[in-house]
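Chains, contacts and geometry: an overview
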Amino acid sequence: HASLNPFPSTFLFGSASAAYQIEGAYDQDGKGPSVWDTYTKLEGTTFKNTNGDVAVDHYNRMEEDVALMAEMGLKTYRFSIAWTRIYPTGAGEVNEAGLAFYDRLIDLLLQHDIVPMVTVYHWDLPQALMDKYGGFESRQIIEDFTTYCETLFTRYGDRVKHWITLNEQNIFIGLGYRNGLHPPGVKDLKRMYAANHIAFLANAKAIASFRNLVPDGKIGPSFAYGPIYPADCKPESIIAYENAEELNNHFYMDVYVNGEYPDMAMKYLEREGIAPTVEPGDTEILKAGKPDFMGVNYYQSGTVSANPLDGVGEGKMNTTGKKGTTSASGVPGLFRNERNPHLETTNWDWAIDPAGLRVALRRIHNRYKLPIIISENGLGEFDKLTENGEVHDDYRIDYISKHIDEIQKAITDGVDVLAYCTWSFTDLLSWLNGYQKRYGFVYIDRDETDEKELKRIKKKSFYWYKDLIARHANEG
Ligand code: BG6
């Protein structure tokens, strides 16, 4: 790639995780229950009724996991803090043992020159706040979330300079209140947009309070951005693509960056009678919470065509790993999701589209002019442990290396990208999909029915990413 700019010497090649998906220790050292602790125990919510009680037991094996990160030479590690370890009931008395766990993790990372990148909220809302006032459906959460964040900023801000507020607000609100697949398992668009608005306010307030507490730090949300393509060049397909891009994507990122909803999406929600109520003062709060960067979790692009008013609505998601089980879906009157015939898909029907990451980075750069942290990107697949205890995940190497090539092209195009975190460092609980959908560089020997010894096994991709990081370090 002689004509491409090199990655900047400060570029952070890293990897990521989230508390509920790795920690386990669901009631250890004073931790309170989160909505995921409760939800996964309801019959039929997850693949083979899997839950994260033990997960990959990272809470008790943290030293071993960080040693693997150090061996790999990771430049950054993105992890999330479990709100219920810090405040077991979401508010009130702080739990020192929970704070101490993350102190140890942060210090250990720093000892190995791994930059800690902390997500404050990766979906594990305290169950107590759900019971008390319905979580994000009440404005009370703005204050409780801000207090929780301030506790973290105050405790760790001297050592942690990279912060992510809400992980994938579009996903946890969408799957929680539109599809009814995540807690609280609701299917109600009016409630969805109302909760979503309150989440925006919580995000903005937390960012505003960060400014005083960690003045030399950087903070932003992580958005699950799937850039949209029109299925063809029919003018009606172009309108459909613009509709989808605006309702799925700019509806969130515009509010984060500019504090204002995009007009066409808002008009549509008003016509449907599902628009959020923007109270006096809200816009000021939103505008005062401008992030330092846009965090992007990129897995796939989307493709759409026109969808009549009586057309297809909510579809079925593939949570089993059986190719082709995703059903048709769309938003009547706006767009219909299509399969892109030019792209291969994973066993969970996710389109594999490295160039889509370049598209995403360019679009965000053009519209928002902010630096970008790629906070997640990776491939969920069935991995096989060979008889001699190896995992030959060449497909993952291929996937990640092609995405990294596209990042380099985007950097050459002029996009300011600060970091790239793969999803994920170790295998982990894939929310609804159990343990069979694996993402890690490190294989965890367990499955849905048997925890075994939770042995850590380096996959082929582990050695490959280690080499890549070393190569770029020499280049920079
Ligand atoms: C993102 C989340 O949605 O994608 C992760 O931030 C998640 O927590 C990842 O694991 C992959 O999704 P899934 O459903 O395959 O686990």
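Residues numbered from 1 in each chain as written. Predicted model: local features only at pLDDT ≥ 70, side-chain atom pairs only at ≥ 80, totals over all residues. Heavy atoms only, no water.

**What about the pairing of strand β10 (residues 335–338)?**
- Judged from the three bridges that link them, strand β8 (residues 302–305) and β10 form a sheet pairing that is antiparallel. Each residue of the ladder has a partner; that of S305, found in β10, is R336.
- Pairing of strand β9 (residues 330–331) with β10, which is carried by two bridges, proceeds in the antiparallel orientation. Bridge pairing in β10 places G330 opposite R336.
- Between β9 and the antiparallel strand that follows it, β10, lie three residues; G333 among them carries a positive phi value of about 90°. (Pairing = 2+ DSSP bridges. Helix = DSSP H or I, 4+ residues; strand = E, 2+ residues; numbered from the N terminus.)

**Digging into helix α15 (residues 460–475)**
- In this model α15 runs 23 Å from its N-terminal to its C-terminal C-alpha over 16 residues, within 8% of the 22 Å that 1.5 Å per residue would give.
- Where the residues of α15 are buried, they touch β1 (12–16), α3 (58–72), α14 (394–413), β12 (417–423), β13 (442–445) and β14 (455–458). (Expected span 1.5 Å × (residues − 1). Contact = heavy atoms within 4.5 Å.)

**Considerations on the pattern of salt bridges**
- Scanning the model with the defined rule gives 34 salt bridges in all.
- Residues R155 and E96 are paired through a salt bridge, measuring 2.8 Å at the closest nitrogen-oxygen approach. Of this pair, R155 sits in helix α7 (residues 140–156) while E96 sits in helix α5 (residues 96–111); the two residues are 59 residues apart in sequence, bridging distant segments of the chain.
- For E96, a relative accessible area of 45% puts it in the partly exposed group.
- For E260, the salt bridge is made with K287, and the minimal N-O distance between the two is 2.9 Å. Taken together, the positions of E260 in the loop between α10 (235–258) and α11 (263–272) and K287 in helix α12 (residues 282–287) put the pair 27 residues apart, joining distant regions of the chain.
- Taking relative accessible area as the criterion, E260 reaches 44% and is therefore assigned partly exposed. (Salt bridge = Lys/Arg side-chain N within 4 Å of Asp/Glu carboxyl O. Buried < 20%, exposed > 50% of the residue type's maximum accessible area, 1.4 Å probe, protein only.)

**Focus: the site of the ligand**
- Residues in close proximity to the ligand total 15 residues, the closest being Q21, E168, S430, K437 and Y439.
- At 2.8 Å from an oxygen atom of the ligand is found a side-chain nitrogen or oxygen belonging to E376.
- Burial of the ligand by the protein amounts to 91% of the accessible area it has alone, namely 370 Å².
- Partitioning the shell around the ligand into residue classes produces six nonpolar, six polar and three charged. (Near = heavy atom within 4 Å. Polar contact = N/O pair within 3.5 Å; in protein donor to acceptor, adjacent residues only side chain to side chain. Areas by Shrake-Rupley, 256 points an atom, 1.4 Å probe, with all protein chains shown as cover. Nonpolar A, V, L, I, M, F, W, Y, C, P; charged D, E, K, R; others polar.)

**A look at the packing of aromatic side chains**
- For the structure shown, the criterion picks out 37 aromatic pairs.
- Between F79 and Y102, the aromatic rings sit 6.4 Å apart at their centres with planes inclined by 5°, giving stacked as the arrangement. You can see F79 sitting in strand β2 (residues 76–80) and its partner Y102 sitting in helix α5, a full 23 residues away along the chain.
- With a centroid separation of 5.5 Å and 80° between ring planes, the pair formed by Y193 and F251 is classed as edge-to-face. Taken together, the residues span a long stretch of sequence, with Y193 in helix α9 (residues 189–213) and F251 in helix α10 at a distance of 58 residues. We note that Y193, like F251, is buried. (Phe/Tyr/Trp six-rings, centres within 6.5 Å; stacked < 30°, edge-to-face > 60°.)

**Focus: the packing of α10 against helix α13 (residues 354–368)**
- Direction vectors running N to C along α10 and α13 enclose 55°, while the axes themselves pass 12 Å from each other. On the basis of the axis angle, α10 is oblique to α13. For the pair α10 and α13, the crossing hand works out as right-handed. Taken together, the residues of α13 that come into contact with α10 (itself represented by Y241, E245, H250, M253, D254, V257 and N258) are R363, I364, R367 and Y368.
- Tallied by class, the residues present in the contact of α10 with α13 amount to five nonpolar, two polar and four charged. (Axes fitted to C-alpha atoms, helices over the stretch in contact; angles between N-to-C directions. Parallel < 35°, antiparallel > 145°, perpendicular 65-115°, else oblique. Left-handed = near helix turned anticlockwise from the far one by under 90°.)

**With respect to the packing of α3 against α15**
- At a closest axis distance of 9 Å, the pairing of α3 and α15 adopts a crossing angle of 50°. One finds that α3 runs oblique with respect to α15. Contacts between α3 and α15 involve L68, E71 and M72 from the former and F462, Y465, K466 and I469 from the latter.
- Residues belonging to the contact of α3 with α15 are distributed by class as follows: five nonpolar, no polar and two charged.

**Remarks on α10**
- With 24 residues, α10 extends only 29 Å from end C-alpha to end C-alpha; this falls clearly short of the ideal 34 Å at 1.5 Å per step.
- The sharpest bend along α10 comes to roughly 55°, located at H250.
- After α10 finishes, the residue G259 shows a positive phi value of roughly 75°. (Bend = angle between axes of the 7 residues up to and from the residue.)

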